[in-house]
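Descriptive structure summary
If you want the building blocks of each chain, they are given just below.
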Amino acid sequence: MKLKNAMALGLASVLAVGLTACGSSADTSAAESTVAAADAAGAPDGDGDPTTLTVAMECAYAPYNWTQSDDSNGAVEIRGSSDYAYGYDVMMAKKIGEALGQKVQIVKLDWDSLIPAVMSGDVDCVIAGQSITAERAAQVDFSDPYYYASIITLTKKDSAYANAASVADLAGATATSQLGTIWYDTCLPQIANILPAQETAPAMLVALNSGACDIVVTDRPTSQAALVAYPDFTLLDFGGGDGDFQVSDEDINIGISMKKGNTALKDAINEVLATMTTDDYNALMDEAISVQPLSDN
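So, a few notes on the structure that sits alongside this text. (Residues numbered from 1 in each chain as written. Predicted model: local features only at pLDDT ≥ 70, side-chain atom pairs only at ≥ 80, totals over all residues. Heavy atoms only, no water.)

Looking at the element boundaries, asparagine 270 is found in helix 10 (residues 263-273). According to the relative accessible area criterion, asparagine 270 is buried, its value standing at 13%. Setting aside chain neighbours within four positions, we find asparagine 270 in contact with Ser143 and Asp144. (Helix = DSSP H or I, 4+ residues; strand = E, 2+ residues; numbered from the N terminus. Buried < 20%, exposed > 50% of the residue type's maximum accessible area, 1.4 Å probe, protein only. Contact = heavy atoms within 4.5 Å.)

See the structure below:
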């Protein structure tokens, strides 16, 4: 989820957020043909321009996505704004757009507005670190996973829970996470002392840093990014076994959502993702973490 302090204050406001295509030219041609078919079939296009892939995200969820003031590192201008968006999701959007022969337009929305924007046709897709849950899949279609996110607990190095080896060791801890996420809705009910959810991931990290809670639960990319901005934090990984938070594959598989029935776009995106491996995803995420903003824009 997020990042950290005067480095972090800058990060909190920002967060109050390599690889070239691996496919062959034949892969790209097939994907472009699929998108052309989507346009011919009247598949929803966020700005009505078939040459543009309109992608929604929070632009406040580093390292998946964040807002910055310039186009450094290849950031993309946000629709209706002088700011730019970058991060893992923007990298992925650009990779898909390039393969499909489309330019990418980023639309900045709050978390709860992402799925409605897809359903209404205001945007073509959402690339925003969304877990492929059954509830969401009832509203939108998802691509194959474009990242696999394990569950991580963050606490302070001097916390009474810094040496916790399992979820059971968190008994008595006060905890929060981001509103509308599997971390808050699925993981935190497995422990006691749950505080109200935070509107954003940056707010979640600020709550931990300020001492408003003992722990927060998030995913590995967010936690790794957070450690850069908040050096007083430590990461707890319970290994995914019986002592860990119990989640399903749908909770930790991260997908790209689009309007239900837009099979042409879904197939085209999946063709692009099929050219990438888990190692490719991890390398791209590491790159995003390495360039995440650590000062105010």
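Our focus in this paragraph is the sheet that holds strand 2 (residues 66-68). Across the sheet, three strands lie side by side as 2-4-3; this open sheet has antiparallel pairing. Each of the sheet's edge strands pairs with one partner strand only, and the pair in question is strand 2 and strand 3 (76-77). Looking at chain direction, strand 2 and strand 4 (residues 84-86) are connected through three bridges and run antiparallel. Paired with glutamine 68 across the two strands is tyrosine 84, which belongs to strand 4. (Pairing = 2+ DSSP bridges.)

Right, let's talk about the pairing of strand 11 (residues 215-219) for a bit. Of all five residues in strand 11, five are buried; the element is thus mostly enclosed. Judged from the five bridges that link them, strand 9 (residues 151-156) and strand 11 form a sheet pairing that is antiparallel. Paired with isoleucine 151 across the bridge in strand 11 is aspartate 219.

What follows is about the packing of aromatic side chains. The tally for this structure, following the rule as stated, stands at nine aromatic pairs. Taken together through their ring pairs, the aromatic side chains of Tyr61, Tyr64, Tyr88, Trp111, Tyr146, Tyr147 and Trp183 make up a single cluster. (Phe/Tyr/Trp six-rings, centres within 6.5 Å; stacked < 30°, edge-to-face > 60°.)

Ordered in space as 10-11-9-12, the four strands form an open sheet in which the pairing is mixed. Only two strands of the sheet have a single partner each, and these edge strands are strand 10 (175-176) and strand 12 (233-236). Where helix 7 (residues 201-210) meets the sheet, its contacts fall on strand 9, strand 10, strand 11 and strand 12, and the angle it forms with strand 11 comes to roughly 150°. In this fold helix 8 (residues 220-229) packs onto strand 9, strand 11 and strand 12, with an angle of close to 120° to the strand it touches most, strand 11. (Axes fitted to C-alpha atoms, helices over the stretch in contact; angles between N-to-C directions.)

All right, on to the side chain of threonine 133 then. Relative to the helices and strands, threonine 133 is located in the loop between strand 6 (125-131) and helix 5 (134-137). Non-local contacts of threonine 133, meaning those with residues more than four positions away in its chain, are made with Ile182, Glu250 and Asp251.

This part takes up helix 3 (residues 88-100). Taking 1.5 Å of rise per residue, the 13 residues of helix 3 would be expected to cover 18 Å, and the 18 Å separating its terminal C-alpha atoms lies within 8% of that figure. Most of helix 3 is tucked away: 11 of the 13 residues are buried. Looking only at helix 3, the buried set comprises Tyr88, Asp89, Val90, Met91, Met92, Ala93, Lys95, Ile96, Gly97, Ala99 and Leu100. Where helix 3 ends, the next residue or the one after it, glycine 101, has phi of about 70°, a positive value. (Expected span 1.5 Å × (residues − 1).)

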